[in-house]
2 protein chains.
Amino acid sequence: MPWATAFTKRLGVNFPIALAPMAGVAGGALAAAVSEAGGFGIVAGGYAKQEQFLPEIEKVKQGTGRPWGIGFLTWALERNPRALDAALEHAPAAVFLSCGDPRPFAGIVHDAGARLICQVTSLPEAALALEAGADVLVAQGQEAGGHGDSRRGTFSLVPAVVDLARSVPVLAAGAVADGRGLVAALALGAAGVLVGTRFYAATEALGHPAAKARLVMASGEDTVRTRLFDIVRDTGWPERYPGRALRNRLYETWAGREEALRAHLDEIRPAYQAAAAAGDFDTAVIWAGEGLDLVHDVQPAGEILRQMVSDAQACLARVNAIHRPPQKRQRNTEEDDWAW
Amino acid sequence: MPWATAFTKRLGVNFPIALAPMAGVAGGALAAAVSEAGGFGIVAGGYAKQEQFLPEIEKVKQGTGRPWGIGFLTWALERNPRALDAALEHAPAAVFLSCGDPRPFAGIVHDAGARLICQVTSLPEAALALEAGADVLVAQGQEAGGHGDSRRGTFSLVPAVVDLARSVPVLAAGAVADGRGLVAALALGAAGVLVGTRFYAATEALGHPAAKARLVMASGEDTVRTRLFDIVRDTGWPERYPGRALRNRLYETWAGREEALRAHLDEIRPAYQAAAAAGDFDTAVIWAGEGLDLVHDVQPAGEILRQMVSDAQACLARVNAIHRPPQKRQRNTEEDDWAW
């Protein structure tokens, strides 16, 4: 049975679960699988390069007839605004913008008949997105994988943004990786969740199989927010945005020694590029969030979504039982009691 | 109607809400008020100085016949272990330990017939507390006010600790400040919540009225984790524990200039002590967590607790309605829909 929130109604989907548009991971196949399962798949438009995202848009259109979206880094769109027009020609249900001022692009998105989803990491950013006329806000806590200038935790940011946004639905992002997280986000006032890391470990995700295997093995405590990988990769990320990634040998070698790293880039950068191409993640980066403790396997995205919904239903039943304990239940000894 | 969780059963209380033992704030009057309202009040034993906490224990015993606890900083207890014996003579229902290795004290607590509550900020710390035989774990995220070496967010830490702790109940701490947070914590698998900042803004809290007034005005975004105030105060906090506090003029003046600050301590420290005595919080510290956006007034602690329970019930009804939308409800236009 579908879940009804302001987000599901606004986007025309069955479940309040959206795919985070992870660059290099959330391609058309993954987005289509999420949308087909009743969520909202968002293709990563990433660095706003048509040759990269237009083939993925073709794939999502081939893979699903349900609503899907496209996500851009706003600072990258500023450098290539025509990418937005190229994406809008394919009639996405929504455009997702993060990391930058959405106001210059809001009118273009709305004029094309698409919804505008703005990811925010603070109350001033949320106010800016509301001013831009965002149809959905995503409140991203510092637990989230990948880039962002979040300083606040998901648990505190979500209700604060919800109280500010009033009638505009808010998705919770950052460490939402199972049914418990979905119910918790809804309890905090969110109209749904944006899920990244859990869907990185999906069969359809573009990431390297060796990266997915590391995600399954790792804990949220193995992640760190750092700019180190961006210094090496030279992808144009503004300095204000660190990214949360798995610690690896490259990180352990250079963390705290960024000046020395910069002095050796002539050697390190080609070695990094070779490692990334070869799937050597002792050197290459794997972006990942703190929710990793809850990622135990690689599954098709549709299965992940269905499991999340099913676990959420069980979670809600459990919380309801706390609130309304069974009247006629036999008293157990304490040792028999369950853990809540 | 009481709520039944493993925590409420284990401690013999009606609601899964515990008072954080905030040093200088959670005195006997506040703890008694929380316990009287059906929660679990924990007196701050803080720096383990009998002359400070024994009078507060007298107050909590005068104020309530219900279960209450006492909290110590473990590193302070190591310096004065007799404080634990002095507290246990008063038969607290539980001893709360944070910031240090609980194992040397666990046997003493249990031999006295009290429960052991251990606050943890990571999975290795949780494993250590379980090894010590903790009866309750508190999973504290980095959003929490006051001291701690938390690196992880509440939203990701709680389910990870719950999965590790299995049959040992876990309380969520860090940005839990209203009924939404209580339901979210239960959804994440917690057996209850530990609430600090919201109870700082309670009538019975020992804090200065001017401090409470600032809490009501401030946002979670006005807080920062820093060691700066401890450099000035010289309270013996080990370097690994920063504290989350409101940014103020002292902070803005010296942040990033800690060496210069140390060089001027002869002048700054007496001025700080005078400011703290006078309630001048441009200089003196106010510890506070990211949940501040949800703190809108100063109320008696019993009212705060009752409101939290009542809001949680409404929150749960709202989430249940998302999951099971009313079958015969008139379809509204989207603009009429509520924000979830």
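Quantities reported herein were computed from a predicted structural model and do not represent experimental measurements.

1. A word on the overall build of chain A
Phase 1: In terms of regular secondary structure, chain A is built from 16 helices and 11 strands.
Phase 2: Compactness check: chain A gives a C-alpha radius of gyration of 20 Å against a globular reference of 20 Å for 340 residues, within 12% of the reference.
Phase 3: In terms of overall dimensions, chain A has a C-alpha envelope of 75 × 50 × 40 Å along the principal axes.
Phase 4: Looking at chain A as a whole, 62% of its 340 residues qualify as buried.
Phase 5: Across chain A, every contact between residues at least 6 apart in sequence was considered, and the portion connecting residues at least 24 apart equals 64%.
Phase 6: Of the accessible surface of chain A, which amounts to about 12700 Å², a share of 50% is contributed by carbon and sulfur atoms.
Phase 7: For chain A, the separation between the mean place of its 33 positive charges and that of its 38 negative charges on side chains is 4 Å.

2. Section: the domain arrangement of chain A
All names here are of chain A.
Phase 1: If you check the domain split of chain A, you get domain 1 (6-207 + 296-319) and domain 2 (209-278).
Phase 2: Each of domain 1 and domain 2 was reduced to a C-alpha centroid, and the two centroids are 24 Å apart.
Phase 3: Contact residues are listed per partner, giving 25 residues for domain 1 and 17 residues for domain 2.
Phase 4: For the domain 1 and domain 2 pair, buried surface summed over both sides reaches about 1800 Å², with 55% attributable to carbon and sulfur atoms.
Phase 5: Looking at the side of domain 1 facing domain 2, the largest losses of area belong to Trp75, His147 and Asp149, adding up to 30% of the total buried there.
Phase 6: In this structure, the salt-bridge partner of Asp149 is Arg240, at a minimum N-O distance of 2.5 Å.
Phase 7: Across the contact surface, domain 1 and domain 2 share 16 residue pairs in polar contact (both at pLDDT 80 or more).
Phase 8: Class assignment of the residues belonging to the side of domain 1 that touches domain 2 gives a composition of 10 nonpolar, 11 polar and four charged.

3. Things to note about the packing of helix H2 (residues 28-36) of chain A against helix H16 (residues 301-323) of chain A
Residues and elements named next belong to chain A.
Phase 1: At a closest axis distance of 8 Å, the pairing of H2 and H16 adopts a crossing angle of 35 degrees. Both H2 and H16 take part in a crossing whose hand is right-handed. The segment H2 lies against H16, with Leu30, Ala33 and Val34 engaging Ala301, Gly302 and Leu305.

4. Looking at helix H9 (residues 179-187) of chain B
Phase 1: Of all nine residues making up H9(B), nine are buried, and the element is well covered by its neighbours.
Phase 2: Those residues of H9(B) that sit buried are B:Gly179, B:Arg180, B:Gly181, B:Leu182, B:Val183, B:Ala184, B:Ala185, B:Leu186 and B:Ala187.

5. Quick word on the relation of the copies chain A and chain B
The two chain copies are related to each other by a rotation about an axis together with a translation along it.
Phase 1: Note on the identical chains: chain A maps onto chain B by a rotation of 180 degrees and an axial translation of 0.0 Å, with an RMSD of 0.0 Å. Accordingly, the operation relating the two chain copies is best matched by a two-fold axis. By C-alpha distance to the rotation axis, the residue of chain A lying nearest is A:Ala184, at 2.0 Å.
Phase 2: Comparing contact sets, 99% of the residues at the interface of chain A also lie at the interface in chain B, consistent with an isologous, same-surface contact.

Reading the values: rules and limits
Residues numbered from 1 in each chain as written. Chains lettered and ligands numbered in written order. Predicted model: local features only at pLDDT ≥ 70, side-chain atom pairs only at ≥ 80, totals over all residues. Heavy atoms only, no water. Helix = DSSP H or I, 4+ residues; strand = E, 2+ residues; numbered from the N terminus. Rg over C-alpha atoms; globule rule 2.2 N^0.38 Å. Buried < 20%, exposed > 50% of the residue type's maximum accessible area, 1.4 Å probe, protein only. Contact = heavy atoms within 4.5 Å. Areas by Shrake-Rupley, 256 points an atom, 1.4 Å probe, with all protein chains shown as cover. Lys, Arg positive; Asp, Glu negative; His and termini not counted. Charge placed at Lys NZ, Arg CZ, Asp CG, Glu CD. Domains from an automatic or database assignment. Buried area = accessible area lost by both parts, 1.4 Å probe. Salt bridge = Lys/Arg side-chain N within 4 Å of Asp/Glu carboxyl O. Polar contact = N/O pair within 3.5 Å; in protein donor to acceptor, adjacent residues only side chain to side chain. Nonpolar A, V, L, I, M, F, W, Y, C, P; charged D, E, K, R; others polar. Axes fitted to C-alpha atoms, helices over the stretch in contact; angles between N-to-C directions. Left-handed = near helix turned anticlockwise from the far one by under 90°. Least-squares fit on C-alpha atoms with pLDDT ≥ 70 in both.

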